[in-house]
Amino acid sequence: MATHRLGSRALSRVPGARFLSQAQCKARLVLGIETSCDDTGAAVVDETGKILGEALHSQKGIHLETGGIIPTVAQRLHKEHIEKVVQEAVDNSGIPPCELTAIATTIKPGLALSLQVGLEYSLKLIEQYKKPFIPIHHMEAHALTVRMLDMVEFPFLVLLISGGHSLLAIARGVSDFLLLGQTLDEAPGDTLDKVARRLSLKNHPACCTMSGGEAIECLAKMGNRLHVSLTQPISRHLDCDFSFSGLRNQVNQIIIKKEREEGIQEGQILSCVCDIAAAVQHTVAAHLAKRTHRAILFCKKEGLLPHPNPALVVSGGVASNEYIRKALQIVTEANGFSLHYPPPKLCTDNGIMIAWNGIEKLRAGIDVVHKPEGIRYEPKAPLGINFSEQVKKAALKVPYLKLNI
Ligand code: KG4
Ligand code: ZN
């Protein structure tokens, strides 16, 4: 079996993997590496958006066991898997590492200990193969992924909803964003994960291996949202910010009350668990839809998007949720916007989106670093220019839109 040195030790190639020369690919090639949270991902993508090789190690199962992400555990798992994941992606691509054009890695935002693993490993590869480095903003990568398959032109409106983020922005170009609003407290994926944990869904046979968001979506299909009453978060704030922690507190109170009524202990499953899941999912969807609707009205008023054919892009792990997609479809259809998503597999964290963001930056000639000594990871990093004060000032009222899902 052929071997190829990658990182600090020689590793074997995947049997049958074929090395192609760069000339055969007729394009620039980027290796992308993602370790910002709990997924170790790597991929080689070419300039046309073709995924030549990819690999992903998810820590989801382990964090489900421990009841949430423990940063030191996440770091240890990244350290254990990064070499194998990168090697697999490169092997599957058939591209010898010396023929890569550049290496792109998430350096912000995210968990410090997780970001550190990806950056340190990438810097070693860069040194070894003498390649340029492309630092990546994780949220920018989520925002641009869709363009790999469906070339949505700039500028477009983007809603990013994940376990760590909730934001609305205008993507004006590569690394050029106007931030219209973001979460004031926690992200929707985080809320769904915490509610799922409080409902002990890892003990529910229908969804024990799923992430919190997936589990809520799965059970919501069997529930009636009208059986549980929840109020909309920050409905009086006429802006595009989000808030989910109050909703989580409301749900916790309801769960405590129902547990008392049913005489069950924490850890057991409530009989009305599907109704609670349906109500939470609907409230999250309605909140996202309302803020997105306001962002659309703001963009129209300020002439910030092309007319005709304005577009909304939605991405991040929570964007895989079908119910939320339908709510956003109602909003976009009512406003003449087209709606675009990456496929669910590319909505959650992966190395492909990082490699693609690297390609976008290469093409635009942005952030291609030849001397990466000064590069640091940044756990907190805003996306673009903050425009939320202007959105607040406009104080736009959103007309009622029936979410018949
Ligand atoms: O983008 P992502 O993989 O990681 C972050 O950057 O956070 O998103 C993970 C989040 C988790 O909170 C998970 O519960 C949520 O996405 N999620 C979903 C669904 N699938 C994953 N939320 C709602 N519905 C889903 N189907
Ligand atoms: Zn993410």
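Quick look at the structure, then.

Thresholds, definitions, all that
- Residues numbered from 1 in each chain as written.
- Chains lettered and ligands numbered in written order.
- Predicted model: local features only at pLDDT ≥ 70, side-chain atom pairs only at ≥ 80, totals over all residues.
- Heavy atoms only, no water.
- Donors = N, O, S within 2.8 Å, 3.2 Å for Na, K, Ca; no water.
- Tetrahedral: all angles 85-135°; square planar, octahedral: opposite > 155°, others 65-115°.
- Helix = DSSP H or I, 4+ residues; strand = E, 2+ residues; numbered from the N terminus.
- Buried < 20%, exposed > 50% of the residue type's maximum accessible area, 1.4 Å probe, protein only.
- Axes fitted to C-alpha atoms, helices over the stretch in contact; angles between N-to-C directions.
- Parallel < 35°, antiparallel > 145°, perpendicular 65-115°, else oblique.
- Left-handed = near helix turned anticlockwise from the far one by under 90°.
- Contact = heavy atoms within 4.5 Å.
- Near = heavy atom within 4 Å.
- Polar contact = N/O pair within 3.5 Å; in protein donor to acceptor, adjacent residues only side chain to side chain.
- Areas by Shrake-Rupley, 256 points an atom, 1.4 Å probe, with all protein chains shown as cover.
- Nonpolar A, V, L, I, M, F, W, Y, C, P; charged D, E, K, R; others polar.

A short note on the coordination of the zinc ion (ligand 2)
Piece 1. At this site the zinc ion (ligand 2) is bound by His138 (NE2), His142 (NE2) and Asp349 (OD), with donor distances of 2.1 to 2.2 Å.
Piece 2. Classification of the site at the zinc ion (ligand 2) rests on its four donor atoms, whose angles at the metal span 92 to 153°, yielding the label irregular.
Piece 3. Each donor residue of the zinc ion (ligand 2) belongs to the same chain, and together they define the spacing H-x3-H-x206-D. With His138 and His142 both in helix α5 (residues 138-144) and four residues apart, this pair spans about one turn of that helix. With respect to burial, His138 and His142 carry one shared label: buried.

Some words on the packing of helix α3 (residues 71-93) against helix α4 (residues 112-129)
Piece 1. Two elements in contact, α3 and α4, have axes separated by 8 Å at closest approach and are oriented at 30°. Taken together, α3 and α4 sit at an angle that is classed as roughly parallel. Crossing geometry of α3 relative to α4 is assigned as right-handed. Facing Pro71, Thr72, Ala74, Gln75, His78, Lys79, Ile82, Glu83 and Val86 of α3, the residues of α4 in contact are Leu113, Ser114, Gln116, Val117, Gly118, Tyr121 and Leu125.

Notes on the site of ligand 1
Piece 1. Taken together, 21 residues lie near ligand 1, and Gly163, Asp193, Gly213, Glu217 and Gly317 sit nearest.
Piece 2. Between ligand 1 and Gly164 there is a distance of 3.2 Å, counted from an oxygen atom to a backbone nitrogen or oxygen.
Piece 3. Contact distances for ligand 1 include 2.9 Å between an oxygen atom and a backbone N or O atom of Gly213.
Piece 4. Starting from 550 Å² of accessible surface for ligand 1 in isolation, the protein chains cover 91%.
Piece 5. Take the shell around ligand 1: its biggest share by element is four residues, from helix α7 (residues 212-220).
Piece 6. Here the shell around ligand 1 is built from residues that sort into three nonpolar, 14 polar and four charged.

What about the side chain of Thr183?
Piece 1. For Thr183, the position within the fold is in the loop between β10 (176-182) and α6 (188-198).
Piece 2. Residue class for Thr183 comes out buried when judged on its relative accessible area of 19%.
Piece 3. Within polar-contact distance, the side chain of Thr183 engages the backbone oxygen of Glu186 at 2.6 Å.
Piece 4. Ignoring anything within four residues of it in the chain, the contact list for Thr183 reads Ser166, Phe242, Ser243 and Phe244.

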